[in-house]
Amino acid sequence: MKTKTGNKLKDSSIKVCMFYLPGITRTERDKGTLYELTFRGDSTHEFRRLVLFRPFGPLLKVKSEKMDTADVLINIIVPLSRRTEKFRHFMHNFREVSVRQDGRVHLTVVYFGKEQMSEVRSMLENTSREVNFKNYTLLQLDEEFSRGRGLDVGARAWKGGNVLLFFCDVDIYFTTEFLNTCRLNTQPGKKVFYPVLFSQYNPTLIYGSPEHIPPVEQQLVIKKDTGFWRDFGFGMTCQYRSDFINIGGFDIDIKGWGGEDVHLYRKYLHSNLLVVRAPSRGLFHLWHEKHCADELPPDQYRMCMQSKAMNEASHGQLGMLFFRHEIEAHLRKQKQNPK
């Protein structure tokens with residue numbers, strides 16, 4: 001099954017002015033192509049979805065439905081161990097997007113260990129006072145960091161009914177557009193959403209030097225020289241708590257970096273749930289230096305090193321760095337032998 005963002009569909013029978021969110025197309029090889037088009041409704045929280053199916057023949061209209069997301073709360077779960085400065089940046093984005101602009105979120109932070117725990121608690125309490133935000137939970141685990149374990153604990157700790165979960169990381173920057181995409185592409189018992197995020201390259205390499213790096217908001221430009229679509233990443237996902245629990249959750253035996261997200265993704269693929277996989281222009285992975293621990297098993301270490309290499313720069317940029325001595329020698333010769 002293949003998914004990708006769609007373009008605007010011109011049809012005289014569809015009386016709308018604009019798309020609110022990018023359309024999604026899904027091709028089923030033995031049947032045809034399904035188009036899901038989402039338009040802005042009459043109010044901020046209302047949307048209208050038009051689903052069309054084009055078999056290997058004429059285009060067929062499947063359904064047109066009105067969707068109201070006003071009451072859809074998202075529980076954003078973030079596993080964390082130290083990295084308080086990164087968490088400070090995360091909370092700045094969270095405060096602006098989730099609290100001031102969206103207003104329909106709960107934040108669950110699962111913290112591993114005791115070191116710097118007081119700083120994390122202080123940041124949450126400050127945010128609560130400054131913007132009158134009470135919808136957060138801080139859980140503490142006195143054990144070795146495991147992303148899957150943290151997300152699993154955070155999901156199971158929720159006691160308020162069947163909530164929409166967004167599994168997130170401290171290095172993620174998201175927009176209100178993404179939060180609505182998360183709501184619109186999930187349905188309990190039917191659909192889970194696996195967005196493809198845009199991963200930022202090392203800003204020092206992109207902009208030449210640390211002093212030329214602009215603010216984060218200005219760095220989030222989707223171009224081939226600034227980052228890449230992380231189509232091999234499955235860590236960020238939206239699903240309802242009931243579906244996560246029923247599928248069996250994460251494999252909590254996986255420790256450290258990587259592996260748990262792919263395992264969960266495969267379980268969803270082999271279930272009766274529809275897995276919606278599409279690029280999201282409102283979801284970014286911010287660059288950070290990656291350390292691959294010597295204690296990792298060979299397969300996890302290899303995955304970590306591959307991810308580290310891909311995160312640094314584009315193929316062309318890495319090539320320029322690799323051949324920089326040859327390039328510098330050429331430039332020196334050009335200066336010595338002007339035409």
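Going along each chain's sequence as written, the residues are numbered from 1 onward. Per-residue local features are limited, in this predicted model, to residues with pLDDT of at least 70; the limit for side-chain atom pairs, both in listing and counting, is 80 or more; totals at the level of whole chains, interfaces and linings are taken over all residues. Only hydrogens and water are removed before side-chain values are computed, so all heavy atoms of the structure are retained for them.

Draft legend 1. Layout of the nonpolar core. Residue types Ala, Val, Leu, Ile, Met, Phe, Trp, Tyr and Cys, when buried and joined through side-chain atoms within 4.5 Å, form a set referred to as a nonpolar core. Only protein chains enter the calculation, and the probe is 1.4 Å; a residue is then buried if its accessible area is under 20% of its type maximum, exposed if over 50%, and partly exposed in between. By size, the foremost hydrophobic cluster in this structure holds 39 residues, and its most contacted members are Ile76, Phe87, Phe90, Phe94, Phe166 and Phe174. Element by element, the count of residues in this core is highest for helix α1 (residues 84-102), at six residues. Any two residues having at least one pair of non-hydrogen atoms within 4.5 Å are treated as being in contact. The contacts of phenylalanine 87, once residues within four sequence positions are left out, are Leu80, Val109, Val120, Met123, Leu124 and Val170. In this structure, Val110, Val163, Ile247 and Val275 belong to the second largest nonpolar core, which totals 23 residues. In this text, helices come from DSSP runs of H or I with a minimum length of four residues, and strands from runs of E with a minimum of two, each type numbered from the N-terminal end.

Draft legend 2. Seen up close, unusual backbone geometry. A positive phi angle, close to 50°, is found at arginine 83, a residue other than glycine. Mapping arginine 83 onto the fold places it in the loop between β6 (74-80) and α1. The class for arginine 83 is partly exposed, based on a relative accessible area of 34%.

Draft legend 3. The environment of tyrosine 301, seen in detail. In this fold, tyrosine 301 is placed in helix α9 (residues 298-312). Judged by relative accessible area, tyrosine 301 falls into the partly exposed class, the value being 31%. Taking C-alpha positions, tyrosine 301 is 45 Å from arginine 40, a pair spaced 261 residues apart along the chain. Leave out the neighbours within four places in its chain, and tyrosine 301 touches Cys292, Ala293, Asp294 and Leu296.

Draft legend 4. Expanded view of helix α4 (residues 176-184). Across the nine residues that make up α4, a large majority, seven, are buried. Every buried residue of α4 is accounted for by Phe178, Leu179, Asn180, Thr181, Cys182, Arg183 and Leu184.

Draft legend 5. Seen up close, the confidence of the model for the chain. The predictor's confidence in any single residue is recorded as pLDDT, a number from 0 to 100. Mean pLDDT over the chain stands at 87; residues scoring 70 or higher make up 92%. This stretch, residues 1-17, has a pLDDT under 50; its non-local contacts, to residues over four places away or in other chains, come to 31 contacts.

Draft legend 6. Molecular detail of the pairing of β6. Counting buried positions along β6 gives seven out of seven residues, so the element sits mostly inside the fold. Neither face of β6 is left uncovered, since the one carrying Ile74, Ile76, Val78 and Leu80 and the one carrying Asn75, Ile77 and Pro79 both have all their residues buried. Seen with its strands pointing away from the viewer, a crossover is right-handed when the path leading from the first strand over the helix to the second is clockwise. Where the polypeptide runs from β6 across α1 and back to strand β7 (residues 105-112), its parallel neighbour, the crossover connection is right-handed. Here β6 runs beside strand β9 (residues 164-167); their pairing, made up of four bridges, is parallel. Of the residues in β9, the one forming a bridge with asparagine 75 is leucine 165. When DSSP finds at least two bridges between two strands, those strands are taken to pair.

Draft legend 7. Geometry of the packing of aromatic side chains. Put simply, two rings from Phe, Tyr or Trp (the six-membered ring, in Trp's case) pair if the centres are within 6.5 Å, and we call them stacked under 30 degrees between planes, edge-to-face over 60, tilted for the rest. Tallied over the entire structure, the rule returns 18 aromatic pairs. Geometrically, the ring pair formed by tyrosine 194 and tyrosine 265 is edge-to-face, given 4.8 Å between the ring centres and 70° between the ring planes. You can see tyrosine 194 sitting in strand β11 (residues 191-200) and its partner tyrosine 265 sitting in helix α8 (residues 260-269), a full 71 residues away along the chain. Taken as a pair, tyrosine 194 and tyrosine 265 share a single burial class, namely buried. Each member of the aromatic cluster is reached from another via a ring pair, and the members are Phe87, Phe90, Phe94, Phe133, Phe166, Phe174 and Phe178.

Draft legend 8. Spotlight on the pattern of salt bridges. In the sections that follow, a salt bridge refers to a side-chain nitrogen of Lys or Arg positioned within 4 Å of a carboxyl oxygen of Asp or Glu. Counted by the stated rule, this structure contains 15 salt bridges. Between glutamate 85 and arginine 88 there is a salt bridge; the shortest N-O distance is 3.5 Å. Of this pair, glutamate 85 and arginine 88 both sit in helix α1, three residues apart, roughly one helical turn. Its relative accessible area of 45% is what places glutamate 85 among the partly exposed residues. We note a salt bridge from glutamate 143 to arginine 149, for which the minimum N-O separation is 2.9 Å. A single network of salt bridges, built from pairs that share partners, joins Asp102, Arg104 and Arg183.

Draft legend 9. Main features of the packing of α1 against helix α2 (residues 117-131). Geometry is summarised by axes, namely lines fitted to C-alpha atoms with helices restricted to the contacting stretch, and by angles between N-to-C directions that run from 0 to 180 degrees. Running from amino to carboxyl end, α1 crosses α2 at an angle of 25°, the nearest separation of the two axes being 11 Å. The pairing of α1 with α2 is recorded here as roughly parallel in orientation. When the axes of α1 and α2 are compared, the crossing they make is right-handed. Contacts from Thr84, Phe87, Arg88, Met91, Arg95, Val99 and Arg100 in α1 reach Glu119, Val120, Met123, Leu124, Thr127, Glu130 and Val131 in α2. Across the contact of α1 with α2, the residue classes tally to seven nonpolar, two polar and five charged. Orientation categories follow fixed angle ranges, with anything under 35 degrees roughly parallel, anything over 145 roughly antiparallel, 65 to 115 roughly perpendicular, and all other angles oblique. Two helices crossing with the near one rotated counterclockwise from the far one by less than a right angle form a left-handed crossing, whereas a clockwise rotation gives a right-handed crossing. Note that Gly is not counted as nonpolar here; it falls among the polar residues with everything else outside the nonpolar set of Ala, Val, Leu, Ile, Met, Phe, Trp, Tyr, Cys and Pro and the charged set of Asp, Glu, Lys and Arg.

Draft legend 10. Region of the structure containing the state of the cysteines. Cysteine sulfur atoms are paired as a disulfide whenever they come within 2.5 Å of each other. Here the structure, examined in full by the defined rule, presents two disulfides. One disulfide in the model links cysteine 182 with cysteine 238; its S-S distance is 2.2 Å. What sets the handedness of the cysteine 182 and cysteine 238 disulfide is the S-S torsion sign, and at about -125° it is left-handed. One end of the pair, cysteine 182, is in helix α4; the other, cysteine 238, is in strand β13 (residues 237-240), with 56 residues separating them in the sequence. Here cysteine 238 falls in the buried class, since its relative accessible area comes to 0%. With its sulfur 2.1 Å from that of its partner, cysteine 292 forms a disulfide with cysteine 304. Disulfide cysteine 292-cysteine 304: the torsion about the S-S bond is -90°, which places it as left-handed. With cysteine 292 in the loop between β14 (274-285) and α9 and cysteine 304 in helix α9, the pair connects residues that are 12 residues apart, well separated along the chain. Here cysteine 292 falls in the buried class, since its relative accessible area comes to 13%. Look at cysteine 304 and you get buried, because its relative accessible area is 0%. Here the cysteine-cysteine linkages of the chain are recorded as 1-2, 3-4, numbering only bonded cysteines and doing so in sequence order.

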